[in-house]
Amino acid sequence: MKSATPKVLHRIGGRTLVGHVLATARGLAPDHLVTVVRHERDAVVAHVAEVDPAAIVADQDDIPGTGRAVQCALEALDARTPAPVEGAVVVLAGDVPLLDTGTLAALLEAHEADGNAVTALSTEVDEPTGYGRIVRDADGTVTGIVEEKDANPEQRAIREINASIYVFDAAALREGLGSVGRDNAQGEVYLTDVLALARRSGRRVAAIVAEDSILVEGVNDRSQLATLGAELNRRTLQRWMLDGVTIVDPATTWVDVEVDLAPDVTILPGTQLHGATVVASGAVVGPDTTLTDVEVGEGATVTRTHGSLAVIGPHATVGPFSYLRPGTVLGEKGKIGAYVETKNAEIGAGSKVPHLSYIGDATIGEHTNIGAASVTLNYDGTTKHRTVIGSYVKIGGDTMIVAPVTVGDGAYTGAGAVLRRDVPPGALAVTPGNQRNIEGWVESRFPDSSAARAAAAADQHDPESDGDPA
């Protein structure tokens, strides 16, 4: 990947590659789940602990190869159980994000129904270079898997490839791993050698072909990451559209796999929905909107907005060009309008912040109107303070509220007010004095300026200056 980030921690659809694999594995409700780590171990372990705290971590030693990785997993698992585990052992690759639980469940079902010692998942591709090949005899029985570097010309012509996804009988797996050596082109302990050993010992080995080859495609570079990310998004959008969501332009819409959309939601072009965002029925989101971990209520409208960790109430309106920062809660039929930024702000039902304002660390009651260009000044240079504005309040344009301040229910403020003290309910708060004009100031201070010349020209055309009664 040519990255400081471990490959399995790169993301598509709102999850890391290994996060997708863990979710797929958990879908089988396994008795145990083990993650084998080596490269950038600490970063991977920390992430696994975050997304699946119950997963057991196994450290692979310096012996290379997938077979050795599985040996380490079994050793870590057996150390936690009173007796060696028995039954089916499912092995997945950490960089195959599109594999779904349904495909894996079908593989497991076939393995158990046929009494196989090993069942591999395979697929057929037009260009198999780089992959291990599934080798079958004349009647189609699997005889083994040969890696690309160890394959002869005839084997390299095989189009059925190994997907690196298996179900093993635990006993056959242990026996096979105990006999596998490192006599191959890469000097590794190949897990694939277990299939050939099981076959030679008379056990049943099978490979199930996945018709949808992209489900088992792995990620080895940024190009493949983007390709699978786009395909995952296409499938996610298709699922939501079949469930009753209108997505006007799928080509410019991105929705993470954990987003929840109700029927009759409309998503307009250029919209990205990330994380645990939830959108209720009848809401319209977009165009050109990015929401992360945002709850959008029924019938709400969110236009050209960037938001995170916010709640938008039913039938509320947001945007255009609004910025909802964490802790924003907008009540039913509330409004956050154009060029408004909010943070840690509770805005009650029917209240409006229509335009050009910053509302941070504030509580606003119901049916209150915040005039244009108003600001809750919450930071004194050391500490954040909170503003409380009641219900049915009218905040005049360009009002500066120096927190902590409380504005009582039904109060008004004059335009340009600077509030440093509480305002009682029903009071009018004004702070500027009477307007005073100093005539001729520009011409005397800047006599040669363009402004002075414009003022002089205006005076010559002023009817009052020449005594014109009109």
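Heads up: the structure comes first, above all this text.
Now for a quick tour of the structure. (Residues numbered from 1 in each chain as written. Predicted model: local features only at pLDDT ≥ 70, side-chain atom pairs only at ≥ 80, totals over all residues. Heavy atoms only, no water.)

Quick look at the overall build of the protein now. If you tally the helices and strands in the protein, you get 10 helices and 38 strands. The buried share of the protein, taken over its 470 residues, is 44%. Pairs at least 24 residues apart make up 35% of the contacts formed inside the protein by residues separated by at least 6 positions. Counting every atom, the protein has about 23100 Å² of accessible surface; 51% of that belongs to carbon and sulfur. Averaged over its 38 positive side-chain charges, the protein has a centre that lies 3 Å from the centre of its 63 negative ones. (Helix = DSSP H or I, 4+ residues; strand = E, 2+ residues; numbered from the N terminus. Buried < 20%, exposed > 50% of the residue type's maximum accessible area, 1.4 Å probe, protein only. Contact = heavy atoms within 4.5 Å. Areas by Shrake-Rupley, 256 points an atom, 1.4 Å probe, with all protein chains shown as cover. Lys, Arg positive; Asp, Glu negative; His and termini not counted. Charge placed at Lys NZ, Arg CZ, Asp CG, Glu CD.)

A word on the pattern of salt bridges. Using the criterion set out here, one finds 21 salt bridges in the structure. Here D59 ties to R41 by a salt bridge, and the two come within 2.5 Å at their closest N and O atoms. With a gap of 18 residues between them, D59 in strand β4 (residues 56-59) and R41 in helix α2 (residues 41-51) connect regions that are remote in the sequence. Residue D59 is classed as partly exposed on the basis of its relative accessible area, which comes to 40%. (Salt bridge = Lys/Arg side-chain N within 4 Å of Asp/Glu carboxyl O.)

Here we take up the packing of aromatic side chains. A complete count under the given rule lists three aromatic pairs for this structure. Note on F321 and Y339: the rings are 5.2 Å apart at their centroids and 20° apart in plane angle, and the pair reads as stacked. Of this pair, F321 sits in the loop between β23 (317-318) and β24 (322-324) while Y339 sits in the loop between β26 (335-338) and β27 (341-347), and the two are 18 residues apart along the sequence. According to the relative accessible area criterion, F321 is partly exposed, its value standing at 43%. Assessed through its relative accessible area of 52%, Y339 is described here as exposed. Arranged with centres 6.0 Å apart and planes meeting at 80°, the rings of W441 and F446 form a pair that is edge-to-face. The exposure class of F446 is partly exposed, given its relative accessible area of 41%. The ring of W240 has R239 lying over it, and the distance from NZ or CZ to the ring centre is 4.7 Å. (Phe/Tyr/Trp six-rings, centres within 6.5 Å; stacked < 30°, edge-to-face > 60°. Lys NZ or Arg CZ within 6 Å of the ring centre and 35° of its normal.)

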